[in-house]
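Observations on chain architecture
So the chains spell out like this:
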Amino acid sequence: MGDMYDPEALTSLLLAARDGDAQAEAEILPFLYEQLHDRAMAIMRRESPAHTLQPTALVHEAYMRLVGSEMPEWQSRTHFLAVCSNVMRRVLVDHARRRARQKRGGDQSRVSLEVGLGLSVTHDADVLALEDVLEELAVLNPRQARIIVMRFFGGMSVEEVAESLGLSRRTIEAEWTLAKAWLRRALAP
Amino acid sequence: MSPERYEQVRAIFMEACGLVPAELAPFLDQACGDDEALRQEVVSLLAHVETGDVIEPRPPAADPLRLEGVELDGRYRVESYVTSGGFSHVYRGRHLAWDLPVAIKLLKQSLPAAERAVLQDSFVREGALQVQLSRRTPAIVQAYDLGTWSTPRGEAITYTVMEWLEGRALATAIAEDPRRWPLDEVIATLGPVATALGVAHAQGIAHRDLKPDNIFVCADGPARLLDFGIAKLAAEYSRGFDATSALRSPFTAAYAAPEQADRRFGVSGPATDVHGLALVCCELLAGQRPYTGETGTDLLRQAVDPQRRPTPRALGVVVTDAVEAVFAAALALHPAARPQDAGTFWRALEAAARTPDPPKKRRWLRLRG
């Protein structure tokens with residue numbers, strides 16, 4: 001898929017996916033996965049504390065690089081970030097699982113999810129713990145799990161999440177408050 | 001826990017969040033009844049809410065970059081914060097040597113680093129484009145200078161210096177004084193904007209986001225066209241109008257042209273601005289937005305609806321046949337069917353405004369016969 005990048009094709013696929021075309025979405029995901037995966041690995045390979053991986057920065061960078069000048073701003077940006085946030089989550093979890101299988105200790109990859117959660121998710125084990133809890137939450141309340149993913153992995157603002165889910169800002173803030181309390185409790189040592 | 005149970009917890013939690021501490025216990029007594037486990041669950045979750053969790057809408061910062069009173073490169077003094085857009089902050093300042101008020105626009109620093117690097121480049125190009133265009137017409141806000149300010153923290157912030165305008169955005173004028181504008185007033189007010197667009201079109205540049213927010217009605221002097229945008233410039237500046245270009249730019253759904261809502265109608269270009277200018281005229285004539293809707297999708301659906309071209313008559317405005325025809329052409333679904341640049345559209349509109357309808361009598365005869 002590495003050479004499929006054609007901005008126009010990607011833009012039409014994204015627009016179709018935004019309008020609910022599942023086929024188009026299925027075509028984009030592997031491409032986005034590869035893009036984000038390659039960038040994440042390149043950063044983590046540097047293995048230096050100075051190069052802590054910031055997933056939200058990667059997602060925004062992908063937006064600017066792939067579609068920033070191609071897409072109408074008003075809604076597609078939000079959609080792109082929403083899709084990417086979930087892809088970013090997959091990239092990080094897969095990476096953490098792979099490392100866990102290889103039983104490599106010591107040189108932990110550093111991932112920084114900073115969302116004022118009062119929790120630091122800086123190591124593979126944290127990424128995996130967060131993933132377990134997120135999956136649990138997705139069963140109880142899929143919407144709250146999506147909000148968390150968009151905020152944590154996509155760095156989306158409350159307004160952007162509200163637009164993406166077609167809900168009011170107030171509703172998102174309320175759901176976000178409960179989801180965070182729930183996560184904090186579940187991840188508390 | 002089951003999803004049903006979580007839903008129960010959720011409903012009580014949401015209500016409890018809005019209560020003052022004294023109200024909490026009585027509320028929980030009533031809401032949870034003798035379901036002690038439910039109550040414990042809610043209380044335990046409430047205990048994990050932190051003060052910063054409920055995000056209050058932040059009031060606009062008085063001086064987001066802490067720039068007031070600062071001298072930029074020894075040439076300008078920043079006087080006061082004015083406003084912020086999506087990518088930049090605007091301050092009022094003074095040209096020290098000439099003692100002239102200026103507007104200073106600075107790229108926001110709060111954007112993610114990767115995004116900022118791309119915007120930085122576009123910001124510089126926007127300034128260059130503005131200089132290129134504004135020296136050809138007073139109807140485009142005049143750009144004076146471009147500079148870089150090093151903050152005390154060692155960051156470099158790029159800024160553009162522009163003429164200071166007294167007046168208000170057309171959007172503000174509409175909001176503060178909603179009314180139906182007479183055609184003559186619309187033509188007199190927006191004439192300079194048509195001229196400005198004509199200048200841009202002649203240079204191979206389209207604005208693509210024409211709306212009342214981007215038109216500034218000046219207290220003294222002609223209305224000005226503002227904001228050639230940032231993100232949309234990066235590619236356009238060098239490419240001009242390439243018919244094969246896949247370039248899509250940021251636009252505003254409420255003022256979208258059909259080709260911006262759906263690419264099947266073609267690529268955007270000068271005819272997009274003709275549509276936008278016609279739409280703004282119709283809004284002023286009708287005293288209401290041509291497209292209304294809750295969501296961007298609603299608005300864009302109307303933009304491509306062949307049954308719903310927002311001409312003056314469709315909006316309930318009485319105009320002559322000639323004027324209606326000019327707007328019908330300018331608002332055509334397909335860009336190729338419109339006047340191809342702002343100058344052509346505007347000359348047709350001015351001519352139509354001087355053309356009276358044929359005498360009414362003949363219509364009566366036709367209707368009866």
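Everything below is about the structure shown above.
The notes below deal with the structure included here. Residue positions are given per chain, counted from 1 along the sequence in the order it is written. Here chains are named by letter from A upward and ligands by number from 1 upward, in the order in which they appear as written. The model is predicted, so local features are restricted to residues of pLDDT at least 70 and side-chain atom pairs to those at 80 or more, both for listing and for counting; the totals for chains, interfaces and linings are taken over all residues. Side-chain figures throughout are based on the complete set of non-hydrogen atoms in the structure, without hydrogens or water.

The next thing to look at is the overall build of chain A. The helix and strand inventory of chain A stands at 8 helices and 0 strands. The secondary structure listing takes helices from DSSP runs of H or I that are at least 4 residues long and strands from runs of E that are at least 2 residues long, numbered from the N terminus. When the helices and strands of chain A are placed in sequence order, the string is α-α-α-α-α-α-α-α. Counting only residues that meet the buried cut, chain A has 52% of its 189 residues in that class. Contacts are residue-level and defined by heavy atoms, with any inter-residue pair within 4.5 Å sufficient. Taking all contacts inside chain A whose residues are at least 6 apart in sequence as the whole, residues at least 24 apart take part in 67%. Method for areas: the Shrake-Rupley scheme with a 1.4 Å probe, in which residue coverage is limited to the protein chains shown. Carbon together with sulfur atoms contributes 51% to the accessible area of chain A, which is approximately 8,000 Å² in total. Partly exposed residues are those whose accessible area sits between 20% and 50% of the maximum for their type, while under 20% is buried and over 50% is exposed, using a 1.4 Å probe and protein chains only.

Residues and elements named next belong to chain B. Tracing the backbone through its elements, the reader meets arginine 224 in strand E9 (residues 224–225). At 3.1 Å, the side chain of arginine 224 forms a polar contact with the side chain of glutamate 163. For arginine 224, the residues in contact, after removing those within four places along its chain, are Pro138, Ala139, Ile140, Val141, Glu163, Leu165, Asn214, Ile215, Phe216 and Cys218. Two N or O atoms form a polar contact when they lie within 3.5 Å of each other; inside protein one atom must be a possible hydrogen donor and the other a possible acceptor, and for residues adjacent in sequence the pair counts only when both atoms belong to side chains.

All names here are of chain B. Closest axis-to-axis distance for the helix H9 (residues 270–286)/helix H12 (residues 342–353) pair is 9 Å, and the angle between their directions is 35°. Handedness of the H9/H12 crossing: right-handed. Residues Val274, Leu277, Ala278 and Cys281 of H9 touch H12, and the partners they reach there are Ala342, Phe345 and Trp346. Side-chain classes are defined by residue name, with Ala, Val, Leu, Ile, Met, Phe, Trp, Tyr, Cys and Pro counting as nonpolar, Asp, Glu, Lys and Arg as charged, and the others, Gly among them, as polar. Split into classes, the residues belonging to the contact of H9 with H12 amount to 7 nonpolar, no polar and no charged. Axis definition: a line fitted to C-alpha atoms, over the contacting stretch in the case of helices. Angles run 0 to 180 degrees between N-to-C directions. Helix crossings fall into two classes, left-handed where the near helix is turned counterclockwise from the far one by less than a right angle and right-handed where it is turned clockwise.

With that out of the way, let us pick up H9 of chain B. All names here are of chain B. A helix is expected to span 1.5 Å for every residue after the first. Look at H9: 24 Å from first C-alpha to last across 17 residues, which is about the 24 Å you get at 1.5 Å a residue. The buried fraction of H9 is high, at 17 of 17 residues. Of the residues trailing H9, glycine 287 is marked for its positive phi of about 70°.

So, on to the pattern of salt bridges. Two side chains of opposite charge can pair, provided their charged atoms sit close to one another. Residue and element names in this part refer to chain B. Here, a salt bridge means any Lys or Arg side-chain nitrogen found within 4 Å of an Asp or Glu carboxyl oxygen. Per the stated rule, a full pass over the model turns up 25 salt bridges over all chains. In this structure, the salt-bridge partner of arginine 224 is glutamate 163, at a minimum N-O distance of 3.1 Å. Taken together, the residues arginine 224 in strand E9 and glutamate 163 in strand E6 (residues 156–163) connect sequence positions 61 residues apart. With respect to class, arginine 224 is no different from glutamate 163; both count as buried.

Moving on: the packing of aromatic side chains. Ring geometry is summarised as follows: Phe, Tyr and Trp rings, the Trp one being its six-membered ring, pair when their centres sit within 6.5 Å, and such pairs are stacked at plane angles under 30 degrees, edge-to-face over 60 and tilted between the two. The full count for this structure, using the stated rule, is 6 aromatic pairs over all chains. Ring geometry for phenylalanine 152 of chain A versus tryptophan 176 of chain A: centroids 6.1 Å apart, planes at 85°, classification edge-to-face. Placement of phenylalanine 152 of chain A in helix H6 (residues 142–154) and of tryptophan 176 of chain A in helix H8 (residues 169–187) is noted, with a sequence separation of 24 residues between them. Between tryptophan 182 of chain A and tyrosine 6 of chain B, the ring centres sit 6.3 Å apart and the planes meet at 90°, which makes this aromatic pair edge-to-face. Residue tryptophan 182 of chain A is located in helix H8, and its partner tyrosine 6 of chain B is located in helix H1 (residues 3–17); the two belong to separate chains. No difference in accessibility class separates tryptophan 182 of chain A from tyrosine 6 of chain B, as the two residues are buried. In this structure an aromatic cluster arises from ring pairing among Phe327, Phe345 and Trp346 of chain B. Sitting over the ring of tryptophan 164 of chain B, arginine 92 of chain B keeps its end group 4.7 Å from the ring centre. Both a distance and an angle decide whether a charge sits over a ring: NZ of Lys or CZ of Arg must be within 6 Å of the ring centre and within 35 degrees of the ring normal.

This paragraph deals with the sheet that holds E9 of chain B. Residue and element names in this part refer to chain B. On the basis of which strands lie adjacent, the open sheet formed by 3 strands has the order E7-E8-E9 and antiparallel pairing. The sheet is open, and its two edges are formed by strand E7 (167–169) and E9, each paired on a single side. The pairing of E7 with strand E8 (residues 215–218) spans 3 bridges and is antiparallel. Along E8, the bridge assignment pairs arginine 168 with valine 217. When DSSP locates at least two bridges between a pair of strands, those strands are taken to pair.

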